[in-house]
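# Fold and contact review
The lines below spell out each chain.
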Amino acid sequence: MSKFLNKRYMKLESYKPGEQPKNPVYVKLNTNESPYPPGPMVIEAINKELLNNLRLYSDPTSSRLKEKLAEKYGVKSENIFVANGSDDILNFAFMAFSDEDRPVMFPEITYGFYKVFAELYGVPYTKVPLSEGFEIDRKDYTAQNKMIVIANPNAPTGRVLKLFEIEEIVRTNPENIVVIDEAYIDFGAESCVDLIFKYDNLLVVRTFSKSRSLAGARLGFAVGSASVISDLEKLKYSTNPYNVNSVTEYIGIAALEEDDYYIRNCERIMETRKRTVSELEKLGFNVIPSQANFIFVSNDEISGLELYTMLKERGILIRRWDDEKIREYVRITIGNEIEMNKFITAIREILEEQRDERMCV
Ligand SMILES: *Cc1c(COP(=O)(O)O)cnc(C)c1O
């Protein structure tokens, strides 16, 4: 830290992204990327003409992309906000809709960035405990008079709230924004996008990073009432009007034209998830029910840290956290069939090794 840093940021603890190893030999099951590449239309969209056009600024309104998204989700362009990944949108949402008089609440175990944004903007926040099995109780969020942020499905647990539960939270907090982060909605849960016609305090945040195989392109979008979207636009034009670059806008449009390809990939991932869960349960794992492209698991025979370390030694990366309530758990991204076979084989070896060691002692 330099002596010049604004004192407001001295104690700020930044978000810690999962490892992105340069070594491609790892089986990478740690940051919830898609195991499948972007579709053929995206690959073809990147041509010389597109790259030559990089000399020009991107369209700050991203109007073509917004129109495509509006058409796809049955809303108007004025209901869509696009940004440099959904993290960028969450940043703007905290900047726009929270302050000392509008504190924030979110689940105790959830996406780590919510806390970082609350601290970045100096906004008071409440972390709401989950049930034993990591369930969110909607009653904790009804009529709260606070800005509410919920990932649905939640991360890193994969658990979901039903549409009527989300609606109850939105309906009973009319004076505050309710942000529903649907980063993983395409893996089996029900989206609440249609509720934006009924409630002007709902902001639904989505991303191309997980289900549409474009994590590196950085593209997120939000759906909400026109007035809420215009607030986000105001802040975007006050920070970085060109936050979506022209290559990303173009390939985002291409991806929306081949949506069937991504829907099929999500189905494959859900099938692989089901098979992986049943293999792990046979091996004595406790698996939290997941509607996301990852699973959150623990095993009484081996600690979370040991599992993480021993898998890494075998070239397989997964994710874990040191927080007390989840330290015995690990989160595993669902990869393709080959990757998950390697993973299950490694897990079998590790558990056997553990048992042998215990016999020797
Ligand atoms: C991955 C993730 C994001 C961030 O996605 P980007 O669009 O890549 O910035 C947001 N929220 C949750 C819950 C996520 O898991």
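Just above sits the structure.
Note that this is a predicted model, so its numbers are computed, not measured. (Residues numbered from 1 in each chain as written. Predicted model: local features only at pLDDT ≥ 70, side-chain atom pairs only at ≥ 80, totals over all residues. Heavy atoms only, no water.)

The full count for this structure, using the stated rule, is 17 aromatic pairs. Taking the centre distance of 4.5 Å and the plane angle of 10° together, the rings of Y15 and F113 count as stacked. Of this pair, Y15 sits in the segment before β1 (27-28) while F113 is found in helix α5 (residues 113-120), placing the two residues 98 residues apart along the sequence. Geometrically, the ring pair formed by F134 and F296 is edge-to-face, given 5.6 Å between the ring centres and 65° between the ring planes. Separated by 162 residues along the polypeptide, F134 in the loop between β4 (125-128) and β5 (147-151) and F296 in strand β10 (residues 294-298) bring together distant segments of the chain. (Phe/Tyr/Trp six-rings, centres within 6.5 Å; stacked < 30°, edge-to-face > 60°. Helix = DSSP H or I, 4+ residues; strand = E, 2+ residues; numbered from the N terminus.)

Glancing now at the sheet that holds β10. Strand pairing in a sheet relies on backbone hydrogen bonds, with the paired strands running either antiparallel or parallel. Ordered by their spatial adjacency, three strands build an open sheet running β9-β10-β12, and the pairing between neighbours is antiparallel. The open sheet has two edge strands with one neighbour each: β9 (286-288) and β12 (330-333). Across this sheet, the average inter-strand angle for adjacent strands is 35°, counted without regard to direction. Sheet topology note: the β10/β12 ladder contains four bridges and is antiparallel. Note on β12: the bridge partner recorded for F294 is T333. Strand contacts of helix α9 (residues 259-282): β9 and β10, with the helix running at about 5° to β10, the strand carrying the most contacts. (Pairing = 2+ DSSP bridges. Axes fitted to C-alpha atoms, helices over the stretch in contact; angles between N-to-C directions. Contact = heavy atoms within 4.5 Å.)

As a further point, take unusual backbone geometry. With an omega of -5°, the peptide bond between N152 and P153 qualifies as cis. If you trace the backbone, P153 turns up in the loop between β5 and α6 (163-171). In the segment running from A155 into P156, the intervening peptide bond is cis, with an omega of 0°. For P156, the location among the structural elements is in the loop between β5 and α6. Residue F134 is not a glycine yet carries a positive backbone phi of 65°. Looking at F134, the relative accessible area reads 5%, which means it is buried. A positive phi angle, close to 45°, is found at A143, a residue other than glycine. Residue position: A143 is located in the loop between β4 and β5. (Buried < 20%, exposed > 50% of the residue type's maximum accessible area, 1.4 Å probe, protein only.)

On to α5, then. Regarding α5, the residues found buried are F113, Y114, V116, F117 and A118. Check the buried side of α5 and you find it contacts α4 (86-97), β3 (104-107), β4, β5 and β6 (178-181). G122, located one to two residues past α5, shows a positive phi value of around 60°.

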